[in-house]
Amino acid sequence: MEQAIQFLGIGAARSGSSWLWKQLRLHDEIWMPPVKELHYFDRSLSYPSPSYLASDSAFERLFGREPRNRQFRRRLFKELVKDVVWFRPSNLSWTCRYFLEPCSIEWYKSLFEKGGSRLKGEITPAYSILEQEDVVSIAESFPDLKVLFLIRNPIYRAWSHAKYDYTTGKISDLENVNEVKTLVDKPVQELRSDYLRTYQIWAEVFGKDQVYVGFYDRIEEDPEGLLTEIGDFLGISSPESLFSPQDSQRRVNASKSTKIPKQVRLCLARKYTEDLKALQELFGSYAEEWVNEAEAVLANGSRQ
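Attention here is on the structure that accompanies the text. In this text, all values refer to a predicted model and were calculated from it rather than measured experimentally.

### Some details on the sheet that holds strand β1 (residues 7–9)
Taken together, the 5 strands give an open sheet; going across it, the order is β2-β3-β1-β4-β5, and neighbouring strands pair in parallel fashion. One side of each edge strand has no neighbouring strand; the edge strands of this open sheet are β2 (30–31) and β5 (211–215). As defined by bridge partners, β1 adjoins strand β4 (residues 146–151) across 3 bridges and the pair is classed as parallel. The residue of β4 that forms the bridge with Gly-9 is Leu-148. Across the face of the sheet, helix α12 (residues 223–234) comes into contact with β1, β2, β3 (119–123), β4 and β5 while running at roughly 175° to β5.

Okay, here's the thing in structure tokens:
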């Protein structure tokens with residue numbers, strides 16, 4: 001019996017997952033839900049940032065005062081407005097099922113029924129923080145799942161998240177090293193930047209052949225090559241057809257370009273250089289450039 005889904009994108013956050021979601025949705029052989037990030041598997045309250053589906057009942061989500069339930073109501077309202085304003089009756093029924101029905105693995109599988117015989121999957125960057133026992137549970141339901149993991153230099157991933165938090169008022173001064181450090185030292189951010197942990201867990205559960213690791217750097221330098229590789233990994237009949245010169249060059253959910261202050265860059269280089277060396281040893285490729293850049297920053301910092 002065919003699996004309900006064939007692939008899962010697990011992040012990393014701020015590493016091109018929105019761009020990839022848009023590219024995959026455009027392809028005729030792929031079906032993805034109208035909502036990016038279904039957040040089903042990271043519902044547990046044991047995680048430092050449980051998803052807005054963490055409350056078991058729809059009643060709790062609709063009337064609970066906890067931050068996760070308030071977030072749930074914002075997401076629900078946003079999707080309902082889009083479905084009504086853009087007159088999307090088929091999407092509206094999916095939206096009601098997703099937001100208002102009780103969560104279960106059978107409910108999760110039902111969210112992909114509209115995909116028919118096409119390749120089906122979703123992308124939720126928060127899945128990169130999952131503990132091994134939850135990844136094992138995913139494998140029990142979807143043993144042949146293919147996993148997409150895009151990674152970005154953790155220095156720039158952290159900086160991108162800091163800029164995002166600045167726009168939402170969670171950080172008041174991007175020049176303030178202590179504020180940025182407080183952010184990146186939070187447990188959830190530690191987990192999101194721990195690519196080695198994520199890769200080791202998913203590769204151990206599913207096998208290395210079922211985990212594709214791609215680099216954010218290629219989105220700017222070689223989007224055609226990256227998408228063709230991903231298409232081949234997923235089993236698309238013509239992998240190169242995933243590439244659309246016009247659409248693939250557009251940045252999605254990008255934060256405003258702002259240069260990293262020297263002291264913040266130095267702080268982040270100190271935090272992540274050892275991780276970068278481990279990534280270089282495991283993956284090579286762009287990780288070698290990440291190490292060279294971080295070591296140059298440290299060398300300059302020691303001379304100041």
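### Considering the nonpolar core
Ranked by internal contacts, the top residues of the largest apolar core, which has 68 residues, are Leu-8, Tyr-108 and Trp-202. In contact with Trp-202, not counting residues within four places along its chain, are Leu-8, Ile-10, Tyr-127, Leu-130, Val-135, Ile-138, Val-147, Gly-207 and Val-211. Core analysis: the next-biggest nonpolar cluster, separate from the first, contains 22 residues, Trp-19, Leu-20, Leu-119 and Ile-219 among them.

### Remarks on unusual backbone geometry
The residue after Gly-11, namely Ala-12, is reached through a cis peptide bond having omega 0°. Along the chain, Ala-12 turns up in the loop between β1 and α1 (17–25). The phi dihedral of Glu-37 falls on the positive side, at around 70°, and the residue is not glycine. Note that Glu-37 resides in the loop between β2 and α2 (58–63). Of note in this structure, Phe-87 is not a glycine but carries a positive phi near 50°. Among the structural elements, Phe-87 can be located in the loop between α3 (67–85) and α4 (89–100). For Phe-87, a relative accessible area of 68% translates into the label exposed.

Conventions and cut-offs
Residues numbered from 1 in each chain as written. Predicted model: local features only at pLDDT ≥ 70, side-chain atom pairs only at ≥ 80, totals over all residues. Heavy atoms only, no water. Pairing = 2+ DSSP bridges. Helix = DSSP H or I, 4+ residues; strand = E, 2+ residues; numbered from the N terminus. Contact = heavy atoms within 4.5 Å. Axes fitted to C-alpha atoms, helices over the stretch in contact; angles between N-to-C directions. Core = buried A, V, L, I, M, F, W, Y, C linked by side-chain atoms within 4.5 Å. Buried < 20%, exposed > 50% of the residue type's maximum accessible area, 1.4 Å probe, protein only.

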